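Structural overview for review
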Amino acid sequence: MEKPILQVALDLLELKRAVEIASEAIEGGVDWLEVGTPLIKSEGMNAIRELKRTFKDRKIVADMKTIDTGAVEVEMAAKSGADIVIILGLSDDSTVAEAIRAARKYGAEIMVDLINVPDPVKRAKQLEELGVNYINVHVGIDQQMKGMDPLEVLSRVVEEVSIPVAAAGGLDAEKAANCVALGAKIVIVGSNIVKARNVIESARKVREAIDRAWKEGKKFEIRRKKLEEEIREILMKVSTPNVSDAMHRAKAMKGVYPLVRGKKVVGKAVTVSTMDGDWAKPVEAIDVAGEGDVIVIKVSGYEAAVWGELATRSCINKKIAGVIIDGAVRDVDDIRALGFPVFAAREVPNAGEPKGFGEINVKIVCGGVEVNPGDWIIADDNGVMVIPKERAYEIARRALEVKKHEDRIRGEIEEKGRTLAEIVELYKWEKVQ
């Protein structure tokens, strides 16, 4: 192989959409078509057959993820039209050997995926000795959500084996180019092409980047952002419905609504617990909070306000991102005029007294949702969502994948006149009774 191979992973559930997206990807410069594991599980070997019939001049890669019965599963895929069959590096050597024998018998090749292999470099060398055709340095989707990157081990694997090495795992144009510069002969791109609203343009962008890296032989500089910076940047791109979906339809705060529509809040929580009408701790929290933080207040009742215009002006001075109050607020007209994002449960004219009861930065339950200091808050016109700090990066990444998926569907509705039920084959996926 001279020019690097661009392989698109069709990790979809619907065969009709997979064929359509594959056609667009080829127009954008994709070389090989991967029948993704979700598509194989959804449509079976027919997915491989249909893609091979439709794209006879393209190599079809079947991501079987085989870990046992190597001969049987490789035979199935190869007879269905797969040119390359992917099995798992975690497989026993006997399974790998059987897979290789079956592949040779039926005119296919074997690619081995190193996903979750404890020592990928050592295993890659063993697999080459067994006779596999390709090695795939792969960070899985769930691992990507936690920040793992295939670039970390790719260069070491390339140095140790002489067979072609593929790279996969959350690759965009820049990362794909870096993989080529590090020696990858094949780059596998999934959601950044498949979920794009304009598949042709997205594929072309990757194609141009990897070709440039191949010709110039140098890496693109990718600045790794601080984790907090990256989380904030991703959450600003997504909505609370995206976050809810990413958290398996998690609930928003109940009964807490925006005073100012059209404002979005993203930041880490500074929590406050206070009594009805006691505004001392909420105001003191302004001094505790830093730039970009969100003050989240749980009040014991809803009769008297613990927040108003003057506290809001103080927040603006401190560049606090927003305030969430499971309680009452006043001076609503002034707050709206200031355009500062305040979310509250009730609006009243009367305030209480600053008695100083309560605490700052303790666990609270706000709108029925537990909030701990440092948890991430995202709030918009749909409501307020809380993301546990331990899972913030993972959930942010998953929410971004939800958004990409919806963007692609939105494009099919607007540009191709389809209905949502038609696109996602809703009737097919209703639970069997």
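For the structure itself, consult the block above.
Each value, and the rule that gives it
- Residue numbers run consecutively from 1 along every chain, following the written order of its sequence.
- Reporting of local features is limited, given that this is a predicted model, to residues whose pLDDT is at least 70; pairs of side-chain atoms are given and counted only at 80 or more, and all residues count toward the totals for whole chains, interfaces and linings.
- Note that water and hydrogens are dropped before the side-chain values are worked out from all heavy atoms of the structure.
- Each helix corresponds to a stretch of at least 4 residues labelled H or I by DSSP, and each strand to a stretch of at least 2 residues labelled E; elements are numbered beginning at the N terminus.
- Categorising residues by exposure relies on relative accessible area from a 1.4 Å probe, with only protein chains included: less than 20% of the type maximum marks a residue as buried, more than 50% marks it as exposed, and the intermediate range marks it as partly exposed.
- The contact rule is simple, with two residues in contact once any of their heavy atoms fall within 4.5 Å.
- Accessible surface is estimated by sampling points in the Shrake-Rupley manner with a 1.4 Å probe; for residues, cover comes only from the protein chains shown.
- Charge assignment: positive for Lys and Arg, negative for Asp and Glu; neither His nor the chain ends contribute.
- Charge positions come from single atoms, namely NZ of Lys, CZ of Arg, CG of Asp or CD of Glu.
- Strands were regarded as paired on the criterion that DSSP finds at least two bridges between them.
- Every axis in this analysis is a line fitted to C-alpha atoms, fitted for helices over the stretch in contact. Angles between the N-to-C directions lie between 0 and 180 degrees.
- The term salt bridge refers to a side-chain nitrogen of Lys or Arg lying within 4 Å of a carboxyl oxygen of Asp or Glu.
- Looking down the strands as they point away from the viewer, one classifies a crossover as right-handed if the path from the first strand across the helix to the second runs clockwise.
- Ring pairs are drawn from Phe, Tyr and Trp, using the six-membered ring of Trp, whenever the two centres fall within 6.5 Å, and their geometry is named by plane angle: stacked under 30 degrees, edge-to-face over 60, tilted for the rest.

Per the secondary structure count, the protein chain includes 18 helices and 18 strands. Considered along the principal axes of its C-alpha atoms, the protein chain spans approximately 85 × 45 × 40 Å. Every one of the 433 residues in the protein chain was classed for burial, and the buried ones make up 53%. For the protein chain, the share of sequence-separated contacts (at least 6 apart) that also reach a separation of at least 24 residues comes to 72%. For the protein chain, the exposed surface amounts to about 19800 Å²; the carbon and sulfur share of it is 49%. Of the charged side chains in the protein chain, 66 are positive and 71 negative; the average position of the first set lies 1 Å away from that of the second.

What follows is about the sheet that holds strand β1 (residues 5–10). What holds strands together in a sheet is hydrogen bonding between their backbones, with the strands either parallel or antiparallel. Taken in spatial order, the eight strands of this closed barrel run β1-β2-β3-β4-β5-β6-β7-β8, and their pairing is parallel. In this sheet, neighbouring strand axes are inclined to one another by 25° on average, regardless of whether the strands run parallel or antiparallel. Bridge analysis of β1 against strand β8 (residues 186–189) gives four bridges, and the strand direction is parallel. For Gln7, the partnering residue across the bridge sits in β8 and is Ile188. Packing of helix α3 (residues 45–54) onto the sheet brings it into contact with β1, β2 (32–35) and β3 (60–66), and relative to β3 it is tilted by some 165°. The sheet strands contacting helix α11 (residues 199–216) are β1 and β8, and the helix crosses β1 at an angle near 150°.

Charged atoms that come close allow side chains of opposite charge to pair. Here the structure, examined in full by the defined rule, presents 40 salt bridges. The residue Glu43 makes a salt bridge to Lys428 at a minimum N-O spacing of 2.9 Å. Note that Glu43 is positioned in helix α2 (residues 37–43) and Lys428 in the segment after α18 (420–423), a separation of 385 residues in sequence. Owing to a relative accessible area of 21%, Glu43 belongs among the partly exposed residues under this scheme. We note a salt bridge from Arg197 to Glu415, for which the minimum N-O separation is 3.1 Å.

Most of β3 is tucked away: six of the seven residues are buried. In this structure, β3 lies alongside strand β4 (residues 84–88), joined through four bridges in parallel fashion. Each residue of the ladder has a partner; that of Thr66, found in β4, is Ile87. The parallel pair β3 and β4, bridged by helix α4 (residues 70–79), forms a crossover whose chirality is right-handed.

On to the packing of aromatic side chains. The description of an aromatic ring pair rests on the distance of the ring centres and on the angle between the ring planes. Evaluated as defined, the whole model comprises one aromatic pair. With centroids separated by 5.8 Å and ring planes inclined at 75°, the aromatic side chains of Trp32 and Tyr134 adopt a geometry described as edge-to-face. Separated by 102 residues along the polypeptide, Trp32 in strand β2 and Tyr134 in strand β6 (residues 134–138) bring together distant segments of the chain. Classification of Trp32 as buried rests on a relative accessible area of 7%.

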